[in-house]
Amino acid sequence: MVRRSKTAPLTIAYQRFLYHTTEFWMRSYTTLTEILRSHISRIKSLTLDSRHNFSYTVTIINSTGTDTDRESAEILALLNRPAPMIERLDIRLPSGFKKYLPNKLFVMPSRLQHLILEGYGMTWDPELVDFRNLRSLQLCDLSKEMNPSMTQLLAILRQTSRLESLELKNNHELTNVDDSYPLQVIDPINLGHLEQIRVSGNLSDFVLLNHIIFSKNARFIHLCINNIREIPASLAQTLAAKIDNGIEGSILTLSLSGSIRCWKSKDTTKIPLFHDLPTISVRSSRAGHGTCLVNTGYFWRTLRLDQLVSLEIETFVNQDSWTFFGDLPHLQTLQVWSNETRFLRALNRGLDNESKADTPPVRLAFAALRNLTMLECTLNRAANIEDGSNAPLISVMHMVLSCFELRKKAGVPLDSLRLADCNGVYNAQVERLRDFVKQVQWDGFGDMDNENAFGHDYEDFDPASGYLVGDAQYEDEEMDEDLGTYHA
């Protein structure tokens, strides 16, 4: 005969979903309270989640003469006793709940390894809790009253020498309420096992990064800064130092868009792809497509990018930035969203040294580039040559053809070129590109041979050469360096 063990560890998960009936919910709640009342000392893992169906919950609760706060208060009252076996605690309540997690739940010493609190908090006195065995800590959407201060948070983290994962998501600042213990005198906290860190909050919260040292084997750092357009220089330097010196390996792949993403690896022969989980991701809650946190380049100019192999740019960057990227010695793969004229000016640098023999040679830009993708570029518009001559205006496509022809002659041809969602492309131009580039891929978008219209007031246009004749007006990208806005 098999008998039920009355000492075996228990794993309890209580979650509400929209499809739960009133009868099912009431039966589950009754079972939960009975377990908490009689067997809390046996609980190894406890999950309480009342967030998912708040509107439906109100309907059920009102019909039974109770409410959400009352239910939550009843559960927390049952937790106000020691749980010596608990290793995982995951409690997520609707935001605005005002009661703290009972401290009696945590015995000394504690076995707790994983703690998730969402919607409410606990008493953050480090002398009343024991987090020495904690492996993961997640605090999300706490009310202002429930939030720990920065000093309290750092005091707790000082206990967690084994911490592997940290997630903080705050709508309120982690203020320092203890003026007698200023943050400047706090010794750095060595979290030598910390491999993942996610911080989402206000700019002032990121002072936290000044006070922690995480593992050199860190795999993922995700930072979301509320309501900023650009990373301040001081924070940019701190982040760059953490990334360069705090994580082993070299930055091999970089993406600049509405966010900044970096991929680091100790194996330079295995290049991370853009769809892989990045080592570092930094974004703003207000950033969108075409804007970036780094318009003036504080952040990525501080990084060590000398081993960068792959670069994706889906935001507008200035000409100095393109010059900087053109000097990267190992950059082989580049993906460009719009930005076509500024990019092509940088790509042309150093290709016409033979025609200027009386001047010192200009260093070739993008010398290692072999694979190029151009996305959403307008190739049939007039390009700004800025040479001061009366030469006919030429199209952006002419710049492309001329540049790749010169690169082939200089012994640095492209292996592949991909044109995707680009406007103003003729079949004859694509065929000419194949004379200079080993592999050309074109999705057929913007096929001018089938459009029967050029889209501009040109009297004549030679699709093979790219020369424009007529009353064409120069167009170029202009970016407001402060706001990151784009004007065509």
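Note that the structure is predicted; figures quoted are calculated from it, not measured.

1. Quick look at the overall build of the chain
- When its secondary structure is counted, the chain shows 11 helices and 22 strands.
- Residues counted as buried form 50% of the 488 residues belonging to the chain.
- Counting contacts in the chain only where the partners sit at least 6 residues apart, residues at least 24 apart contribute 64% of the total.
- Surface exposure of the chain reaches about 23,100 Å², of which carbon and sulfur atoms provide 49%.

2. Remarks on the pattern of salt bridges
- Within this structure, the stated rule accounts for 12 salt bridges.
- A salt bridge links Asp130 to Arg132, with the shortest nitrogen-to-oxygen separation between them at 2.9 Å.
- Residue class for Asp130 comes out buried when judged on its relative accessible area of 4%.
- Through salt bridges with shared partners, a single ionic network connects Asp90, Arg92 and Glu118.

3. Let's talk about the confidence of the model for the chain
- Taken over all residues, the pLDDT of the chain has a mean of 77, while the share at 70 or more is 74%.
- Of the regions scoring below 50 in pLDDT, residues 468-488 engages in 59 contacts with residues more than four places distant in sequence or in other chains.

4. Focus on empty space enclosed by the protein
- Taken as a whole and judged by the stated rule, the model has 1 cavity of 30 Å³ or more.
- As for the largest cavity, its lining consists of Leu209, Phe214, Ile221, Leu223, Leu239, Lys242, Ile243, Ile280 and Val282.
- Those elements that provide at least two residues to the lining of the largest cavity are β10 (220-225), α5 (233-246) and β13 (280-284).
- Its residues assigned to classes, the lining of the largest cavity shows 8 nonpolar, no polar and 1 charged.

5. Side note on unusual backbone geometry
- For Ser338, which is not a glycine, the phi torsion comes out positive at approximately 55°.
- Structurally, the position occupied by Ser338 is in the loop between β15 (333-337) and α8 (340-348).
- Residue Asp421 is not a glycine yet carries a positive backbone phi of 55°.
- In this structure, Asp421 sits in the loop between β17 (416-420) and α10 (427-436).

6. Description of the environment of Pro82
- Within the element layout of this structure, Pro82 appears in the loop between α3 (68-78) and β3 (88-92).
- Separated by 26 residues in the primary sequence, Pro82 and Met108 place their C-alpha atoms 9.5 Å from one another.
- Among residues more than four places away in sequence, those in contact with Pro82 are Ile40, Ser41, Lys104, Leu105 and Val107.

7. Describing the nonpolar core
- Judged by nonpolar contacts, the single largest core of 118 residues is most densely connected at Leu79, Leu89, Leu101, Phe299, Trp322, Phe366 and Phe404.
- A per-element tally of this core places helix α9 (residues 396-409) first, with 7 residues.
- For Phe404, the residues in contact, after removing those within four places along its chain, are Leu347, Leu372, Leu414, Leu417, Leu433, Phe436 and Val437.

8. Some details on α9
- Taking 1.5 Å per residue as the helical rise, α9 with its 14 residues ought to reach 20 Å, and the 20 Å between its terminal C-alpha atoms agrees with that figure.
- Where α9 is buried, its residues meet α8, β16 (371-375), β17 and α10.

9. What to know about the pairing of strand β6 (residues 165-169)
- Residues Leu166 and Leu168 point to one face of β6 and are all buried, whereas Ser165, Glu167 and Lys169, pointing to the other face, are not buried.
- For the crossover from strand β5 (residues 136-140) across helix α4 (residues 150-159) to β6, the handedness is right-handed.
- The pairing of β6 with strand β8 (residues 196-201) spans 5 bridges and is classified as parallel. Residue pairing in the sheet places Ser165 in a bridge with Gln196 of β8.

10. Looking at α8
- Among the 9 residues in α8, 7 count as buried, and that is most of the element.
- Listed as buried for α8 are Glu340, Thr341, Arg342, Phe343, Leu344, Ala346 and Leu347.
- Of the residues trailing α8, Gly350 is marked for its positive phi of about 85°.

11. Some details on the packing of α8 against α9
- The contact between α8 and α9 brings their axes to 10 Å, and the two run at 25°. In terms of orientation, α8 and α9 fall into the roughly parallel class. α9 is crossed by α8, and the crossing has left-handed handedness. On α9, the residues that touch Glu340, Thr341, Leu344, Arg345, Leu347 and Asn348 of α8 are Val396, Met399, Val400, Cys403, Phe404, Leu406 and Arg407.
- Tallied by class, residues from the contact of α8 with α9 come to 8 nonpolar, 2 polar and 3 charged.

12. Thoughts on the packing of α9 against α10
- Where α9 contacts α10, the axes come no closer than 9 Å and their chain directions differ by 15°. Judged by the angle between their axes, α9 and α10 are roughly parallel. For the crossing formed where α9 meets α10, the hand is left-handed. Mapping the contact onto sequence places Met397, Val400, Leu401, Phe404, Glu405 and Lys408 in α9 and Gln429, Arg432, Leu433, Asp435 and Phe436 in α10.
- Residue composition of the contact of α9 with α10, grouped by class: 6 nonpolar, 1 polar and 4 charged.

13. Let's talk about the side chain of Lys264
- Structurally, the position occupied by Lys264 is in strand β12 (residues 259-265).
- Among buried charged residues, Lys264 stands out as having no salt bridge; its nearest opposite-charge side chain is Asp244, 4.8 Å away.
- In this structure the side chain of Lys264 is engaged in a polar contact, spanning 2.8 Å, whose partner is the backbone oxygen of Ile247.

What counts, and where the lines are drawn
Residues numbered from 1 in each chain as written. Predicted model: local features only at pLDDT ≥ 70, side-chain atom pairs only at ≥ 80, totals over all residues. Heavy atoms only, no water. Helix = DSSP H or I, 4+ residues; strand = E, 2+ residues; numbered from the N terminus. Buried < 20%, exposed > 50% of the residue type's maximum accessible area, 1.4 Å probe, protein only. Contact = heavy atoms within 4.5 Å. Areas by Shrake-Rupley, 256 points an atom, 1.4 Å probe, with all protein chains shown as cover. Salt bridge = Lys/Arg side-chain N within 4 Å of Asp/Glu carboxyl O. pLDDT = per-residue confidence, 0-100. 1 Å grid on protein atoms, 1.4 Å probe; cavity = no way out; pocket = protein on both sides within 12 Å on 5 of 7 lines; lining within 4 Å. Points joined across faces, edges and corners; volume = space filled by probe spheres on them. Nonpolar A, V, L, I, M, F, W, Y, C, P; charged D, E, K, R; others polar. Core = buried A, V, L, I, M, F, W, Y, C linked by side-chain atoms within 4.5 Å. Expected span 1.5 Å × (residues − 1). Right-handed = clockwise from strand over helix to strand, strands pointing away. Pairing = 2+ DSSP bridges. Axes fitted to C-alpha atoms, helices over the stretch in contact; angles between N-to-C directions. Parallel < 35°, antiparallel > 145°, perpendicular 65-115°, else oblique. Left-handed = near helix turned anticlockwise from the far one by under 90°. Lys, Arg positive; Asp, Glu negative; His and termini not counted. Polar contact = N/O pair within 3.5 Å; in protein donor to acceptor, adjacent residues only side chain to side chain.

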